[in-house]
Amino acid sequence: MTYSSADSQLLTRIAEFTDSSVAAGRAYAAQDRVDAITLEPDTGLLSGTVSGTGIYRSTAKLVRGHDGVIACRVGICNCPVRQNCKHVVALIAAAEQDPAFTDFFLPDE
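Throughout this description, residue numbers start from 1 for each chain and increase along the sequence as written. Note on the predicted model: pLDDT of at least 70 is required for a residue's local features to be given, and 80 or more for side-chain atom pairs to be given and counted; whole-chain, interface and lining totals, by contrast, use all residues. In computing side-chain values, all of the structure's heavy atoms are included and hydrogens and water are not.

**Thoughts on the confidence of the model for the protein chain**
Alright, step 1. Per-residue confidence from the prediction method is given by pLDDT, with values spanning 0 to 100. Of all residues in the protein chain, 91% attain a pLDDT of 70 or more, and the chain-wide mean is 89.
Alright, step 2. By mean pLDDT, the top-scoring element of the protein chain is strand 4 (residues 45-51) (98), and the lowest-scoring one is strand 1 (residues 3-5) (40).
Alright, step 3. Residue range residues 1-8 is modelled with pLDDT below 50. Its contacts to residues more than four positions away, or to other chains, number 20 contacts. Helical segments are the DSSP runs of H or I of at least four residues, strand segments are the runs of E of at least two, and each set is numbered from the N terminus. Only heavy atoms enter the contact rule, under which two residues are in contact if any of them lie within 4.5 Å.

**As for the pattern of salt bridges**
Alright, step 1. Within this document, salt bridges are pairs made up of a side-chain nitrogen of Lys or Arg and a carboxyl oxygen of Asp or Glu, the two lying within 4 Å of each other. For the structure on display, the rule yields one salt bridge.
Alright, step 2. With a shortest N-O distance of 2.3 Å, Asp67 and Arg13 are connected by a salt bridge. Of this pair, Asp67 sits in the loop between strand 5 (55-64) and strand 6 (70-77) while Arg13 sits in the loop between strand 2 (8-10) and helix 1 (19-30), placing them 54 residues apart in sequence.
Alright, step 3. Here Asp67 falls in the partly exposed class, since its relative accessible area comes to 41%.
Alright, step 4. Each residue's exposure class comes from its accessible area (1.4 Å probe, protein chains only) as a fraction of the maximum for that residue type: buried when under 20%, exposed when over 50%, partly exposed otherwise. Owing to a relative accessible area of 29%, Arg13 belongs among the partly exposed residues under this scheme.

**Considerations on the pairing of strand 6**
Two faces, one strand: in a regular strand the side chains alternate between the faces of the sheet.
Alright, step 1. Note: two strands are recorded as paired if DSSP finds a minimum of 2 bridges between them. Across seven bridges, the pairing between strand 5 and strand 6 is antiparallel. Bridge assignment links Arg64 to a residue of strand 6, and that residue is Ile70.
Alright, step 2. Connecting strand 5 to the next strand, strand 6, in antiparallel fashion are five residues, including Gly68 with a positive phi near 90°.

**Description of the packing of aromatic side chains**
Alright, step 1. Pairing of aromatic side chains here covers Phe, Tyr and the six-membered ring of Trp, requires ring centres within 6.5 Å, and sorts the geometry by plane angle: under 30 degrees stacked, over 60 edge-to-face, intermediate tilted. Using the criterion set out here, one finds one aromatic pair in the structure.
Alright, step 2. Residues Phe104 and Phe105 carry aromatic rings whose centres are separated by 5.3 Å and whose planes lie at 85° to one another, so their mutual orientation is edge-to-face. A single burial state applies to Phe104 and to Phe105, both of which are buried.
Alright, step 3. For the cation-ring pair, Arg33 lies above Tyr28, with the distance from its terminal atom to the ring centre recorded as 4.2 Å.
Alright, step 4. A ring is considered to have a charge above it if a Lys NZ or an Arg CZ atom is located within 6 Å of its centre and within 35 degrees of its normal. Directly above the aromatic system of Phe104 lies the positively charged group of Arg64, at a separation of 6.0 Å from the ring centroid.

Quick look at the structure:
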């Protein structure tokens, strides 16, 4: 199951993001602008750097819901927007596509 927003498909629920942030973040991920992704599965902290007009450090707090689907509770970035920005979406989208993190994002059955 995937969740649509701004014509994008993500495994992660990202309800608190604008459609324009989702579209721009997906584009950044597709352009390989995300680097140094780390995930702490026990805490759900996903971090990485995203190249935009500068190099931004982004972090997402991910939790698994009762339905087994991962959701982003909050995304923090050092860009001018600061929270739930396109850089956080780019981080999530890139992590979902990274084979090292695939199992974390798959919904529990």
